[in-house]
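Coordinate analysis (summary)
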Amino acid sequence: MAEKKVLKVGLDSAAPFPMHSDYNSEKFEGFEVDLLKAITDHLDLEIEYEVSLWQTILEKLFKGELDLICSAVTVTPSRRHILEFTNPYLHFRLCAVVNQEDSLRNINDLKNKTIGIREATEAEKYVHVNFPSNNMVHAETNKELYRKLQAGKIDLLIDDSPIAGGFLQKNKKLKVGMFLPETDSQYAIAMRKGDVQLKDQFNEVLTLLRENGVYQTIYKKWFTDIQF
């Protein structure tokens, strides 16, 4: 019997739940874990995860040391230049997370605030472009970022809405202050530039999973109470 082809999959060590949990935790689970399993089962492929810092897995994929990343990768024009992307599997927005007692009326309320952002993310880029003169506090992990907000070291943080939703389910002292205008974004599976055959296979199965209802089942399991 022929051995199954093994795909090397990059995973963010600062796990963005509910996309996926920490790989080394008792239970490795999440939306992307279920989705990727459904795709690779259909294609009869094995998965071998490699866990590292976000910046590192992006570099490894670019160098060809990984086959793909399925770990909350936002599709952007600059990333499209150097990577292949499947069709999107999740649409979301950026949001500002604040403490329960704080409120944001509109985007101008973000001015003069100390904003927390995660390094090498689209949220970081957004703040640099839109609020360049604000005081910014960078963090390497999501946990660190949310801890800073709770400890009062920052006024608010900017994050992807699905990931914020996952943190807020476990932390009732924080809330989404507002969704940021004109930040409609998509997650997709990132692959090596030129790996078009694999991309086409994945896209075919993604379409099939939407048609047969498997995608919707996985979506409901993880996002029933999360607002995008």
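Keep in mind that what you see is a predicted model, and the values were worked out from it rather than measured.

Further remarks concern helix H8 (residues 214–223). Residues that lie three or four places apart on an α-helix share one face, since the helix turns once every 3.6 residues. Those residues of H8 lying buried are Tyr-215, Ile-218, Trp-222 and Phe-223. All buried residues of H8 project into a common sector of 100° when viewed along the axis, lining one side. Exposed residues on H8 whose side chains face more than 90 degrees from its buried face are Thr-217, Lys-220 and Lys-221. Contacts made by the buried residues of H8 are with helix H1 (31–43), strand S5 (90–92), helix H6 (161–170) and helix H7 (196–211).

Right, let's get into unusual backbone geometry. A cis amide bond links Phe-17 to the next residue, Pro-18, at an omega of 10°. The residue Asp-44 is not glycine, and still its phi comes out positive at about 60°. Relative to the assigned elements, Asp-44 resides in the loop between H1 and strand S2 (45–52). A positive phi angle, close to 65°, is found at Asn-112, a residue other than glycine. Here Asn-112 is to be found in the loop between strand S6 (94–99) and strand S7 (115–118).

The next thing to look at is helix H4 (residues 122–130). Taken as a whole, H4 has its buried residues at Glu-122, Ala-123, Glu-124, Tyr-126 and Val-127. Packing partners of the buried residues in H4 comprise helix H3 (77–82), S6, S7, strand S8 (136–139) and strand S9 (156–160).

A separate point is the sheet that holds strand S4 (residues 83–85). Two orientations exist for strands paired in a sheet by backbone hydrogen bonds: parallel and antiparallel. The 5 strands lie next to each other as S2-S1-S3-S12-S4, forming an open sheet whose pairing is mixed. Edge positions in the open sheet fall to S2 and S4, since each of these has one partner strand only. The sheet contact formed by strand S1 (residues 5–12) and strand S3 (residues 68–69) spans 2 bridges and is parallel. By the bridge assignment for S3, Val-9 is matched with Leu-68. In this fold H1 packs onto S1, S2 and S3, with an angle of close to 145° to the strand it touches most, S2.

Here we take up the nonpolar core. Met-19, Phe-31, Leu-68, Tyr-89, Val-97, Ile-189 and Phe-202 are the most contacted members of the largest nonpolar core, which totals 46 residues. Contacts of Leu-68, omitting those with residues within four sequence positions, involve Leu-7, Lys-8, Val-9, Gly-10, Leu-36, Leu-61, Ile-189, Ala-190, Met-191, Leu-198 and Phe-202. Among the nonpolar cores identified, the runner-up in size contains 16 residues, and Ala-96, Ile-117, Tyr-126 and Ile-158 belong to it.

The rules behind each value
- Residues numbered from 1 in each chain as written.
- Predicted model: local features only at pLDDT ≥ 70, side-chain atom pairs only at ≥ 80, totals over all residues.
- Heavy atoms only, no water.
- Buried < 20%, exposed > 50% of the residue type's maximum accessible area, 1.4 Å probe, protein only.
- Helix = DSSP H or I, 4+ residues; strand = E, 2+ residues; numbered from the N terminus.
- Arc of directions from axis to C-beta.
- Contact = heavy atoms within 4.5 Å.
- Pairing = 2+ DSSP bridges.
- Axes fitted to C-alpha atoms, helices over the stretch in contact; angles between N-to-C directions.
- Core = buried A, V, L, I, M, F, W, Y, C linked by side-chain atoms within 4.5 Å.

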